[in-house]
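Fold and contact review
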Amino acid sequence: MAATAVVRLWSGLGNQLFQLAFGLAKAKRTGSRLVLEVAYGDRTFDKLQSFVDISDLEVAIMPSGFAGRLHRLFRRFSPLPYRSDRTWHYSPEAAAESAGRFVGYWQSEKYFEDFPGLIRQRIDLTKIPMNVPGGRDAGTSGILIVSVHIRRGDYLDERFGDRYNTVHEDYFRMAME
């Protein structure tokens, strides 16, 4: 029986895409069975499923509320080793391990650079619902949609200054011209 790698999908959509890429590459590289762990009612995961094909993957839905806290407590006694990544740095050990519970961001391309098409072949951007004025769907209306995401909050907090590489206003001005 193949080793099991449980990868937790959590946080925002971009984070979940990195976590999914990490898990898919891990399963491909090590031959392990991939299980995606998702919190019950995770709306971001619902969005991810709308345009990323994960129909062939095993998904474990974690309970929420008090039951979720109990689940996390008892999970500590799991025979699977636990690996966490909160640093955004590549860990060759985490990449090579075939079995374990993996909770983190896994935001280094090195985790999945050996398999560049692994995620891309699962993504269908035409399935992202983007409503435009008039009740039409931008994916089928032929309207060109451009989006600029300007992250605020934690990027502007001085306590996180060393964590994020921020760009300055000039960068956005040049990009928009």
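Summary of the structure given here. (Residues numbered from 1 in each chain as written. Predicted model: local features only at pLDDT ≥ 70, side-chain atom pairs only at ≥ 80, totals over all residues. Heavy atoms only, no water.)

Looking now at the sheet that holds strand β3 (residues 58–62). Read across the sheet, 5 strands follow the order β3-β2-β1-β5-β4 without closing on themselves; strand pairing throughout is parallel. Unpaired on one side and paired on the other, β3 and β4 (82–85) mark the two borders of the sheet. On average, each strand axis in the sheet is tilted by 25° relative to the strand beside it, whichever way the strands run. Relative to strand β5 (residues 100–104), β4 runs parallel, the two being bridged by 4 bridges. (Pairing = 2+ DSSP bridges. Helix = DSSP H or I, 4+ residues; strand = E, 2+ residues; numbered from the N terminus. Axes fitted to C-alpha atoms, helices over the stretch in contact; angles between N-to-C directions.)

Turning next to helix α1 (residues 13–30). A rise of 1.5 Å per residue sets the reference length of α1, with its 18 residues, at 26 Å; its end C-alpha atoms lie 26 Å apart and thus fit the reference within 8%. Listed as buried for α1 are Asn15, Gln16, Gln19, Leu20, Ala21, Phe22, Gly23, Leu24, Ala25, Lys26 and Ala27. Looking at the packing, one finds that the buried side of α1 touches β1 (4–9), β2 (33–39), α2 (43–51), α4 (92–96), β5 and α5 (117–120). Just downstream of α1, glycine 31 is the residue with a positive phi angle, here 75°. (Expected span 1.5 Å × (residues − 1). Buried < 20%, exposed > 50% of the residue type's maximum accessible area, 1.4 Å probe, protein only. Contact = heavy atoms within 4.5 Å.)

Quick look at the nonpolar core now. In this structure, Leu9, Leu20, Leu24, Leu34, Leu57 and Tyr111 are the most contacted members of the largest nonpolar core, which totals 27 residues. Those elements that place two or more of their residues in this core are β1, α1, β2, α2, α4 and α5. No other element matches α1, which puts 6 residues into this core. (Core = buried A, V, L, I, M, F, W, Y, C linked by side-chain atoms within 4.5 Å.)

Turning our attention to the pattern of salt bridges. Inspection of the entire model under this criterion finds 6 salt bridges. For glutamate 58, the salt bridge identified is with arginine 33, shortest N-O distance 2.9 Å. Taken together, the residues glutamate 58 in strand β3 and arginine 33 in strand β2 connect sequence positions 25 residues apart. Of the residues examined, glutamate 58 reaches a relative accessible area of 37% and is grouped as partly exposed. (Salt bridge = Lys/Arg side-chain N within 4 Å of Asp/Glu carboxyl O.)

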